[in-house]
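# Structure at a glance
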Amino acid sequence: MYDILGRNIDYIRLSLTDRCDLRCQYCMSENQNFLPRTEILSFEEIINLVKFLIQNGVKYLRLTGGEPLVRKDVLKLIQSLGLFLKNGELQEITITTNGTMLSHYAKDLALAGIRRINVSLDTLDAQKYKKITRGGDIAKVFAGIDEAIKQNIHVKINCVVLKQDNFDDLPKIIEYAHSIGADISLIETMPMDEKILGREEQYVPMNIVRQMIENKWQIIRDEYKTNGPSQYYRIMETGGRIGFITPLSHNLCASCNRVRITCTGKLYMCLGHDDYYDLRPALLNNNFNELYKIYSDALNHKPKAHDFLIGGGYVPKRPMSLTGG
Ligand code: SAM
Ligand code: SF4
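The paragraphs below set out a description of the structure included in this document. Please read all numbers here as calculations on a predicted model, not as lab measurements.

On to unusual backbone geometry, then. Its identity as a non-glycine residue notwithstanding, Arg134 has a phi of 55°, on the positive side. As for its placement among the helices and strands, Arg134 is situated in the loop between α4 (126–133) and α5 (138–150). Relative accessible area serves as the criterion here: at 30%, Arg134 is assigned to the partly exposed category. Notably, Asn152 is not glycine yet its phi reads approximately 65°, a positive angle. Residue position: Asn152 is located in the loop between α5 and β5 (154–160). Of the residues examined, Asn152 reaches a relative accessible area of 67% and is grouped as exposed.

So this is what it looks like as structure tokens:
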């Protein structure tokens, strides 16, 4: 289906939970409150929702969170969703994960039809990882990435650029990604949920990052395109791909093909706005006609662009973990 500006919305980012086993400093507060379980969509509701979305032109699904793999019995859900891949109704299901549980799940995810995942990793240093994630164990992430690669799942590392915590280490992180055959995307930190403090001091515009990379390596444009917002380049010396996600310094809204649905069934037309449409009442009644009315109304209200700005602009009230990335 097309939105009001003619953008073909064929990609949904669906959050399975707002919970997470980590507390990354730029994403959550230390004492993050989580939603009561009664508010979270059941597996049956999620499957019906995905059926509805497929009927309305969605071909690509990304499962996110919070941490999608902490949801109880998540594998059963992914196996059910995987049937939409097997019958050709969906072209791809991808997952964004922090990777801490990937060594346990990778084999079954591959069997369920998952071919690509994004793993978030902002440092290679165990102590820094512990600090950024407030307690995470980096060894689990490395083990998860290794297992995913062993299962032939293509890995992309997502790395949020943080002035104090990882800027100087970026070349090492890029070299690591390319040494294991993974792509890497570098992400500008986004202002979500004003209660999360300290992000402005960590913000580095992507042109500064690119300059640092170009001083070290030769990079050329790569035409590789996924459904995400990365613009890809190839580093000649490492042979690997690198993407730059620049929500603040350059918005990519004109080609935005996605909307986001939270684990409670709220459809956010844009990561950078707080307007949403609640799909759950119609889902509970299994009323696809009503769902259609709400969904088409939502697409007709998808904004032209977000208004993110560091040091100004609009700061969405919800944390990133509610709508996922
Ligand atoms: N827990 C999973 C993970 O970390 O990959 C999925 C959800 S997480 C919200 C999705 C992505 O959003 C991660 O790559 C994370 O680094 C990124 N993210 C979270 N908060 C962010 C922020 N304020 N600015 C930029 N990226 C952010
Ligand atoms: Fe959890 Fe992902 Fe947010 Fe980190 S970025 S706190 S792993 S949801």
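Mapped onto the elements, Arg13 comes out in strand β1 (residues 11–15). Among the polar contacts made by the side chain of Arg13, one reaches the side chain of Tyr11 at a distance of 3.2 Å.

Taken together, 19 residues sit near ligand 1, with Gly66, Glu67, Thr97, Ser120 and Met190 positioned nearest. Starting from 540 Å² of accessible surface for ligand 1 in isolation, the protein chains cover 96%. Put simply, the parts of the chain that give the shell around ligand 1 at least two residues each are β3 (92–97) and β5. Each residue belonging to the shell around ligand 1 can be placed in one class, and the counts come to 6 nonpolar, 10 polar and 3 charged.

Glancing now at the pairing of strand β10 (residues 258–261). Where burial is concerned, the two faces of β10 agree: the one with Arg258 and Arg260 and the one with Val259 and Ile261 are both buried. Where β1 lies against β10, 4 bridges are found, and the strand directions are parallel. Its bridge partner being in β10, Tyr11 is matched across the sheet by Arg258. The pairing of β10 with strand β11 (residues 266–268) spans 2 bridges and is antiparallel.

Moving on: the site of ligand 2. Around ligand 2, a shell composed of Cys20, Leu22, Arg23, Cys24, Cys27, Met28, Gly66 and Asn98 is seen. For the shell around ligand 2, the residue count by class is 5 nonpolar, 2 polar and 1 charged.

Looking at the secondary structure, you find Ala282 in helix α8 (residues 280–284). On the basis of relative accessibility, which here comes to 4%, the residue Ala282 falls in the buried class. Separated by 233 residues in the primary sequence, Ala282 and Leu49 have C-alpha atoms spaced 9.9 Å apart.

Once that is clear, we can look at the sheet that holds strand β9 (residues 241–245). Strand order in the open sheet formed by 12 strands is β7-β8-β9-β6-β5-β4-β3-β2-β1-β10-β11-β12, with mixed pairing between adjacent strands. The outermost strands of the open sheet, each flanked by one partner alone, are β7 (219–221) and β12 (276–278). Pairs of neighbouring strands in the sheet enclose a mean axial angle of 25°, with direction left out of account. Contacts between helix α1 (residues 43–55) and the sheet are confined to β1, β2 (60–64) and β10, with β1 contributing the most and set at about 170° to the helix.

Quick look at the environment of Glu188 now. Its place among the elements puts Glu188 in the loop between β6 (183–187) and α7 (206–216). Here the alpha-carbon distance between Glu188 and Val204, two residues 16 residues apart in the chain, equals 6.7 Å. Among the polar contacts listed, one links the side chain of Glu188 to the backbone nitrogen of Met206, at a separation of 2.8 Å.

All right, on to the side chain of Glu67 then. Summarising the element assignment, Glu67 is placed in the loop between β2 and α2 (74–86). Although Glu67 lies buried, it forms no salt bridge, and the closest oppositely charged side chain, Arg23, sits 10 Å away as judged by the N-O distance.

At a minimum axis separation of 11 Å, α1 and α2 run at an interaxial angle of 20°. The angle between the axes of α1 and α2 places the two elements in the roughly parallel class. When the axes of α1 and α2 are compared, the crossing they make is right-handed. On α2, the residues that touch Phe43, Ile46, Ile47, Val50, Lys51 and Ile54 of α1 are Val74, Lys76, Leu77, Ser80, Leu81 and Phe84. Class assignment of the residues belonging to the contact of α1 with α2 gives a composition of 9 nonpolar, 1 polar and 2 charged.

On to the packing of aromatic side chains, then. In this structure the tally under the stated criterion is 5 aromatic pairs. Centroid distance Tyr268 to Tyr276: 5.4 Å. Interplanar angle 45°. Geometry classified as tilted. Judged by relative accessible area, Tyr268 falls into the buried class, the value being 6%. The ring of Tyr233 carries the charged tip of Arg210 above its face, separated from the ring centre by 4.4 Å.

Reading the values: rules and limits
- Residues numbered from 1 in each chain as written.
- Chains lettered and ligands numbered in written order.
- Predicted model: local features only at pLDDT ≥ 70, side-chain atom pairs only at ≥ 80, totals over all residues.
- Heavy atoms only, no water.
- Helix = DSSP H or I, 4+ residues; strand = E, 2+ residues; numbered from the N terminus.
- Buried < 20%, exposed > 50% of the residue type's maximum accessible area, 1.4 Å probe, protein only.
- Polar contact = N/O pair within 3.5 Å; in protein donor to acceptor, adjacent residues only side chain to side chain.
- Near = heavy atom within 4 Å.
- Areas by Shrake-Rupley, 256 points an atom, 1.4 Å probe, with all protein chains shown as cover.
- Nonpolar A, V, L, I, M, F, W, Y, C, P; charged D, E, K, R; others polar.
- Pairing = 2+ DSSP bridges.
- Axes fitted to C-alpha atoms, helices over the stretch in contact; angles between N-to-C directions.
- Contact = heavy atoms within 4.5 Å.
- Lys, Arg positive; Asp, Glu negative; His and termini not counted.
- Salt bridge = Lys/Arg side-chain N within 4 Å of Asp/Glu carboxyl O.
- Parallel < 35°, antiparallel > 145°, perpendicular 65-115°, else oblique.
- Left-handed = near helix turned anticlockwise from the far one by under 90°.
- Phe/Tyr/Trp six-rings, centres within 6.5 Å; stacked < 30°, edge-to-face > 60°.
- Lys NZ or Arg CZ within 6 Å of the ring centre and 35° of its normal.

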